[in-house]
Amino acid sequence: ATQNPIEQEGTYPLPEAQVDRFMLKVNITYPTKMEEARVLELMARQTLPAAGKAVSVEQVLKARQTADLIYVDDKIKNYVLDLVIASREPEKHGLEKLKPWINYGASPRATIFMIQAAKAYAFINGRGYVTPEDIKAVGFDVMRHRVLLTYEAEAENIGQEDIIKSIFEAVEVP
């Protein structure tokens, strides 16, 4: 799913339960001038470039099976649980100041998706195990749309990124 913040006609916000089903919310910025020049060169032609097959279905399935085998230590699992629970019960993690700004914390899907995304990240980086840095690398994308803020947070210009950053800074890294 994509969300365009400018042209809303014809698109409607999804209910919270449906938004939670998406694994990640990745913020994509505008391309750099060089990147946009490359897009212009490719797309301003009479004929569009032909797409080629990058990998086979079998290769994708094998990569998924391999990523599923990536080791996740219990300390990493507990770290993920602490991060997610801190979004629901910030006061139990020394984050009392966040309590009035969080309407709903991350759901149990966040714990599942954070581990799955971290395994994929470790796999892409050629490792057979997940590190706390892998969790940090995927954590914002997994939690960004799962931490729902109060009107008070919005009134004070506090966003999900601010809350998640505070959580990651407060929760002890194994």
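Refer to the preceding data block for the structure.
Starting afresh in each chain, residues are numbered from 1 along the sequence in its written order. Per-residue local features are limited, in this predicted model, to residues with pLDDT of at least 70; the limit for side-chain atom pairs, both in listing and counting, is 80 or more; totals at the level of whole chains, interfaces and linings are taken over all residues. Note that the side-chain values use all heavy atoms of the structure and ignore hydrogens as well as water.

A look at the nonpolar core
Now for step 1: By size, the foremost hydrophobic cluster in this structure holds 34 residues, and its most contacted members are Leu83, Met114, Val130, Ile135, Ile163 and Ile167.
Now for step 2: At the level of secondary structure, the elements contributing two or more residues to this core comprise α4 (74–88), α5 (108–124), α6 (132–143) and α8 (160–170).
Now for step 3: Ignoring any residue separated from it by four or fewer positions in sequence, one finds Val130 in contact with Ile70, Tyr71, Val72, Ile76, Ala118, Lys119, Ala122 and Ile135. Each nonpolar core is a collection of buried residues, namely Ala, Val, Leu, Ile, Met, Phe, Trp, Tyr and Cys, held together in the definition by side-chain atoms within 4.5 Å. With a 1.4 Å probe rolled over the protein chains alone, any residue whose accessible area is under 20% of its type maximum counts as buried; one over 50% counts as exposed, and the rest are partly exposed. A run of DSSP states H or I qualifies as a helix once it reaches four residues; a run of E qualifies as a strand once it reaches two. Both are numbered from the N-terminal end. What makes two residues a contact is simply this: any of their non-hydrogen atoms within 4.5 Å.

A short note on the pattern of salt bridges
Now for step 1: A pair is scored as a salt bridge if a Lys or Arg side-chain nitrogen falls within 4 Å of a carboxyl oxygen belonging to Asp or Glu. Under the defined criterion, the tally for this structure stands at seven salt bridges.
Now for step 2: Close ionic contact of Lys77 with Asp74 constitutes a salt bridge, the shortest N to O distance being 3.9 Å. Here Asp74 and Lys77 lie together in helix α4, a separation of three residues that amounts to about one turn.
Now for step 3: Assessed through its relative accessible area of 39%, Lys77 is described here as partly exposed.
Now for step 4: For the salt bridge of Arg127 with Asp134, the shortest nitrogen-to-oxygen distance reads 2.7 Å.
Now for step 5: Each of Asp141, Arg144 and Glu161 takes part in one network of salt bridges that share partners.

Overview of the environment of Gly128
Now for step 1: Inspection of the secondary structure puts Gly128 in the loop between α5 and α6.
Now for step 2: Residue classification places Gly128 among the partly exposed positions, given a relative accessible area of 45%.
Now for step 3: The spatial distance from the C-alpha of Gly128 to the C-alpha of Val72 is 9.0 Å, given a sequence separation of 56 residues.
Now for step 4: Once residues within four sequence positions are removed from consideration, Gly128 is found in contact with Ile70 and Tyr71.

Considerations on the packing of α6 against α8
Now for step 1: Note on method: axes are straight lines fitted to C-alpha atoms, helices fitted across the in-contact stretch only, with angles between N-to-C directions ranging 0 to 180 degrees. One way to put it is that α6 packs onto α8 with a least axis distance of 10 Å and a crossing angle of 145°. Judged by the twist between their axes, the crossing of α6 over α8 is right-handed. Where α6 approaches α8, its residues Ile135, Lys136, Gly139, Phe140 and Met143 are matched on the opposing element by Glu161, Ile164, Lys165 and Phe168.
Now for step 2: Classifying every residue of the contact of α6 with α8 by side-chain character gives five nonpolar, one polar and three charged. Here a crossing is taken to be left-handed if its near helix is turned anticlockwise relative to the far helix by less than a right angle, and right-handed if that turn runs clockwise. Residue polarity follows a fixed list, in which Ala, Val, Leu, Ile, Met, Phe, Trp, Tyr, Cys and Pro are nonpolar, Asp, Glu, Lys and Arg are charged, and the others, Gly among them, are polar.

Some words on the packing of aromatic side chains
Now for step 1: Only Phe, Tyr and Trp rings take part, Trp by its six-membered ring, and two of them pair if their centres are within 6.5 Å. Stacked means planes under 30 degrees apart, edge-to-face means over 60, and tilted covers everything else. Enumeration over the complete set of coordinates arrives at one aromatic pair.
Now for step 2: Note on Phe140 and Phe168: the rings are 5.5 Å apart at their centroids and 20° apart in plane angle, and the pair reads as stacked. Taken together, the residues span a long stretch of sequence, with Phe140 in helix α6 and Phe168 in helix α8 at a distance of 28 residues.
Now for step 3: On the basis of relative accessibility, which here comes to 23%, the residue Phe140 falls in the partly exposed class.
Now for step 4: Owing to a relative accessible area of 9%, Phe168 belongs among the buried residues under this scheme.
Now for step 5: Lying across the ring of Tyr129, Arg127 places its NZ or CZ 5.5 Å from the centre. Our definition puts a charge over a ring when NZ of Lys or CZ of Arg is within 6 Å of the ring centre and also within 35 degrees of the ring normal.

Digging into α4
Now for step 1: The span one expects for a helix is its residue count, reduced by one, times 1.5 Å. With 15 residues, α4 should cover 21 Å at 1.5 Å per step; its first-to-last C-alpha distance of 21 Å lies within 8% of that length.
Now for step 2: Taken together, the buried positions of α4 are occupied by Ile76, Tyr79, Val80, Leu83, Val84, Ala86 and Ser87. Seen along its axis, α4 keeps its buried residues to an arc of 155°; they face one direction. In this structure, α4 carries Asp74 and Lys75 as exposed residues pointing more than 90 degrees from its buried face.
Now for step 3: Contacts made by the buried residues of α4 are with β1 (102–104), α5, α6 and α8.
Now for step 4: Contacts described as polar in this section are N or O atom pairs within 3.5 Å, which, within protein, must combine one atom able to donate a hydrogen with one able to accept it, while residues neighboring in sequence count only if both atoms come from side chains. Put simply, Asp73 is the residue that caps the front of α4, since its side-chain oxygen is 2.9 Å from the backbone nitrogen of Lys75. When we speak of the arc, we mean the arc of directions from the helix axis to the C-beta atoms.

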